[in-house]
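# Results of the structural survey
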Amino acid sequence: MHIYDSVQKTKRKFEPLVEGKATLYVCGPTVYDDAHLGHAKSALVFDLLSRVLRANGYEVTYARNITDIDDKIIKKAIEQKKDIKTITDFYTEAFHKEMQAIGVKRPDIEPKATESLDAMYALIAKLIESGHAYQTSDGDVYFDTKSDSEYLTLSHRVQDEDERQERVESSKEKKNPADFALWKSVKDDSVTFDSPFGKGRPGWHLECSAMIEKHLAYKDKPYAIDIHGGGADLLFPHHENEAAQTRCATKHELANYWMHNGFVNINGEKMSKSLGNSFFLKDALREYDGEVLRFYLLSSHYRSNFNFNTEDLEASKKRLDKLYRLKKRLLGLPGNEEKTAFGEKLLEALSDDLNISSALALIDAMIAEANETLDTPGKHKALKKETMANLGFIEKVLGFGVKNPYEYFQFGVDDATKAKLSELIEARNEAKKAKDFERSDALREEILSYGVGLMDTPQGTFWEKV
């Protein structure tokens, strides 16, 4: 397996720190608002990475944090006159629900900032003790960037002397403009935590280093973890500062491989709340099946910037529809996990830095060839068995084709109509059993009047939106 390393700017063979195991940490959401398409893209990319690692036989430990301490959260709590936990619990639950809708599996470990304060305190104490951090007279604790000779080697950035990294006003007692807060002293009545350094809140970058050290880090290796991931916008300053903290506090580097996914643009314009085009995932899920969004958002290479527009989304849906139509032709056949030549080629493509274009081209070809053969006379038992294995492998590694094909084609029909159709189908089945064919035919016509197609199969009666 090969991975493009954002720091070395080259594709590298994946060689884990411990044979047969892979540790992965990804920066998760700050839970003060609904998830947008950028969150979805990043979550999907690393969900795919974890699936591909597992398909290659690695025992994966995947961690993604929840940031539930942040000035934006406090601001929203004040605006809505609610306590912090009410806000963070609401948006955490919404995030999980929306990620589930697009097929993103929960990480193995999902630490929260509020549950990791002791680990943060321990990291700050080590940095102060070793001379890499200092406390100001007003109680703030800063990382001394000049004390780290390796600072900026991650992002290869040339720092402007006047550049600031803080989301709040910096202390005049900072030694260097680039120094960043590990702990911010808070004197007012807003949310604070009691720490060995006084009342306050942790800095922006601290929690990820602390969580990695607590939950994932190898203590006897040159790197804490195998892979660290996140959006391209996090490379600097967030990941740069994480790496500096960890390096200076623990004497090992943070990650052997760094992976960053590209930005999401809306109709060619970079997604930004200030531009008013931060397309929330919940809005997209009202219009499209979650799996359609998954397929679309994964359809271009993860390192590329993604231009979200409805024309491409519709074209992507038609591509996924073909997979489901093939699955519909094989409905009722038993699944199997036999290895196939197609599965090996698909995994080989995805193992090349998640080469999704090659993977989707292989899927398109497999679908076309299977349909072409199934259209010819014969039972094609061997082909059907092999195709079921292929579809099962696609489902496992890419998360496509996980639904009943008839249910997939029902998207867009409201719950009340679905309930009514189920009621009519049940009544029609009873009429057929009673050999009341006149009533059965009448019920069929009523069902079709809802703009759906009706299919009687050995597995039961199904309908789909026409």
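Going by the structure above, here's the rest.
So, how was this worked out
Residues numbered from 1 in each chain as written. Predicted model: local features only at pLDDT ≥ 70, side-chain atom pairs only at ≥ 80, totals over all residues. Heavy atoms only, no water. Patch = residues over 30% accessible without salt bridge, like charges linked within 9 Å, V, L, I, M, F, W, Y side chains within 5 Å. Areas by Shrake-Rupley, 256 points an atom, 1.4 Å probe, with all protein chains shown as cover. Salt bridge = Lys/Arg side-chain N within 4 Å of Asp/Glu carboxyl O. Lys, Arg positive; Asp, Glu negative; His and termini not counted. Charge placed at Lys NZ, Arg CZ, Asp CG, Glu CD. Helix = DSSP H or I, 4+ residues; strand = E, 2+ residues; numbered from the N terminus. Buried < 20%, exposed > 50% of the residue type's maximum accessible area, 1.4 Å probe, protein only. Polar contact = N/O pair within 3.5 Å; in protein donor to acceptor, adjacent residues only side chain to side chain. Axes fitted to C-alpha atoms, helices over the stretch in contact; angles between N-to-C directions. Parallel < 35°, antiparallel > 145°, perpendicular 65-115°, else oblique. Left-handed = near helix turned anticlockwise from the far one by under 90°. Contact = heavy atoms within 4.5 Å. Nonpolar A, V, L, I, M, F, W, Y, C, P; charged D, E, K, R; others polar. Pairing = 2+ DSSP bridges. Right-handed = clockwise from strand over helix to strand, strands pointing away.

With that out of the way, let us pick up a negative patch on the surface. Judged by side-chain charge, Asp436, Glu438, Asp441 and Glu445 come together as a negatively charged surface patch. Structurally, aspartate 436 can be placed in the loop between α14 (415-433) and α15 (437-448). Judged by its relative accessible area of 34%, aspartate 436 falls in the partly exposed class.

A few words now on the side chain of threonine 250. Counting through the fold element by element, threonine 250 comes out in helix α6 (residues 235-250). The exposure class assigned to threonine 250 is buried, which follows from its relative accessible area of 16%. There is a polar contact of 2.5 Å between the side chain of threonine 250 and the backbone oxygen of threonine 246. Side chain to side chain, threonine 250 and histidine 252 meet in a polar contact 3.1 Å long.

Right, let's get into the packing of helix α9 (residues 310-329) against helix α12 (residues 381-398). One way to put it is that α9 packs onto α12 with a least axis distance of 11 Å and a crossing angle of 135 degrees. As summarised for this structure, α9 and α12 are arranged oblique, according to the angle between their axes. Note on packing geometry: the crossing formed by α9 with α12 is left-handed. On the side of α9, the interface is formed by Leu323, Leu326 and Lys327, while α12 contributes Thr387, Leu391, Ile394 and Glu395. Considering only residue class, the contact of α9 with α12 consists of four nonpolar, one polar and two charged.

This part is about the pairing of strand β4 (residues 59-64). In the sheet, strand β3 (residues 21-26) pairs with β4 via six bridges, with the strands oriented parallel. Among the inter-strand pairings, threonine 23 is bridged to a residue of β4, identified as threonine 61. Handedness of the β3-helix α1 (residues 37-55)-β4 crossover: right-handed.

The strand order β5-β6-β7-β9-β8 describes an open sheet built from five strands, whose pairing is antiparallel. What marks the edges here is a single partner per strand, and that holds for β5 (133-135) and β8 (193-195). On average, each strand axis in the sheet is tilted by 35 degrees relative to the strand beside it, whichever way the strands run.

With that settled, consider the sheet that holds β3. Backbone hydrogen bonds are what pair the strands of a sheet, in a parallel or an antiparallel way. Read from one edge of the open sheet, four strands run β4-β3-β10-β11, paired in parallel fashion. Either end of the sheet is taken by a strand with one partner, and the two such strands are β4 and β11 (253-261). Pairwise comparison of adjacent strand axes, ignoring direction, gives a mean angle of 25 degrees for this sheet. Both strand β10 (residues 223-231) and β11 contribute to a ladder of seven bridges, which runs parallel. Residue pairing for β11: isoleucine 227 is matched across the bridge by tyrosine 257. α6 contacts β10 and β11 of the sheet and is inclined by roughly 165 degrees relative to β11.

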